[in-house]
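Take a look at the letters that make up each chain.
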Amino acid sequence: MMEREGPGKRSDYEVFRTIGTRWSDNDTYGHMNNVIHYSLFDTAVNGFLIESGVLDIKGGAEIFLVVETGCRYYAEMTFPDVVTAGIRVAKLGNSSVRYEIGLFRNDDETAAAEGFFIHVNIDRLSRRAVPFGHAVRRLLEPLLVTS
């Protein structure tokens, strides 16, 4: 049997966003429901893109759609924890990007969960993939990690 890779550290990530948890994030078992982790990934990355000025969710000519996602869970999180999401880019293609996100509970240095998702850059009207513009590349290239 293959051994599972352990959780990453804050130092493995390039950009950070802090997100508060909510009472409704807890499930019947008293910890954060697994679907919330995916919401935190989405919130962290899209918030970063919007604040950086490369994504206009209401009127931009291009949008980003998630086409694949996954998560590994290492430790429980619960309300009222504060989550810091670390973001890095594992692969940057012509019109797609693979983000890797680490979720860190409170001041923990080790990730409670790590996941990924792949965004494809889409023309809002035609719904077809289009190449990233220069602004997106300038934003994402410094986040690209090499393994």
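It should be noted that the structure appears before, not after, this text.
Residues numbered from 1 in each chain as written. Predicted model: local features only at pLDDT ≥ 70, side-chain atom pairs only at ≥ 80, totals over all residues. Heavy atoms only, no water.

Novice: With reference to specific residues and values, describe the side chain of Glu100.
Specialist: Residue position: Glu100 is located in strand E4 (residues 96–105). Here the side chain of Glu100 touches Arg88 through a polar contact of 2.8 Å, side chain to side chain. If sequence neighbours within four positions are ignored, Glu100 has contacts with Tyr13, Gly86, Ile87, Arg88, Ala90, Gly115 and Phe116. (Helix = DSSP H or I, 4+ residues; strand = E, 2+ residues; numbered from the N terminus. Polar contact = N/O pair within 3.5 Å; in protein donor to acceptor, adjacent residues only side chain to side chain. Contact = heavy atoms within 4.5 Å.)

Novice: Could you give an account of the sheet that holds strand E3 (residues 82–92), with specific residues and numbers?
Specialist: Strand pairing in a sheet takes place through backbone hydrogen bonds and is either antiparallel or parallel in direction. Strand order in this open sheet of five strands is E1-E3-E4-E5-E2, and the pairing throughout is antiparallel. Both outer strands of the open sheet, strand E1 (15–20) and strand E2 (62–73), are each paired with one neighbouring strand and no more. Here the average twist between neighbouring strands, direction ignored, is 25°. Here E3 pairs with E4 via nine bridges, running antiparallel. (Pairing = 2+ DSSP bridges. Axes fitted to C-alpha atoms, helices over the stretch in contact; angles between N-to-C directions.)

Novice: Just give me the short version of the pattern of salt bridges, but keep the residues and values in it.
Specialist: Evaluated as defined, the whole model comprises six salt bridges. Here Glu100 and Arg88 are joined by a salt bridge, their closest N and O atoms 2.8 Å apart. On the criterion of sequence distance, the pair formed by Glu100 in strand E4 and Arg88 in strand E3 is long-range, its members being twelve residues apart. The residue Arg98 makes a salt bridge to Glu100 at a minimum N-O spacing of 3.6 Å. Given a relative accessible area of 28%, Arg98 falls into the partly exposed group. Look at Glu100 and you get buried, because its relative accessible area is 17%. Linked through salt bridges whose partners overlap, the residues forming this network are Arg88, Arg98 and Glu100. (Salt bridge = Lys/Arg side-chain N within 4 Å of Asp/Glu carboxyl O. Buried < 20%, exposed > 50% of the residue type's maximum accessible area, 1.4 Å probe, protein only.)

Novice: Give a detailed account of the packing of aromatic side chains, specifying residues and quantitative values.
Specialist: Throughout the structure, instances matching the rule amount to five aromatic pairs. Consider the rings of Tyr13 and Phe104, whose centres lie 5.8 Å apart with planes at 80°: the pair is edge-to-face. Placement of the pair is Tyr13 in the segment before E1 and Phe104 in strand E4, with a sequence separation of 91 residues. Owing to a relative accessible area of 5%, Tyr13 belongs among the buried residues under this scheme. Given a relative accessible area of 0%, Phe104 falls into the buried group. When the centroid spacing of 5.9 Å and the interplanar angle of 90° are considered together, the rings of Trp23 and Phe79 count as edge-to-face. With Trp23 in the loop between E1 and helix H1 (34–51) and Phe79 in the loop between E2 and E3, this pair connects stretches of sequence that are 56 residues apart. Residue Trp23 is classed as exposed on the basis of its relative accessible area, which comes to 66%. By relative accessible area, which is 32% here, Phe79 ends up partly exposed. (Phe/Tyr/Trp six-rings, centres within 6.5 Å; stacked < 30°, edge-to-face > 60°.)

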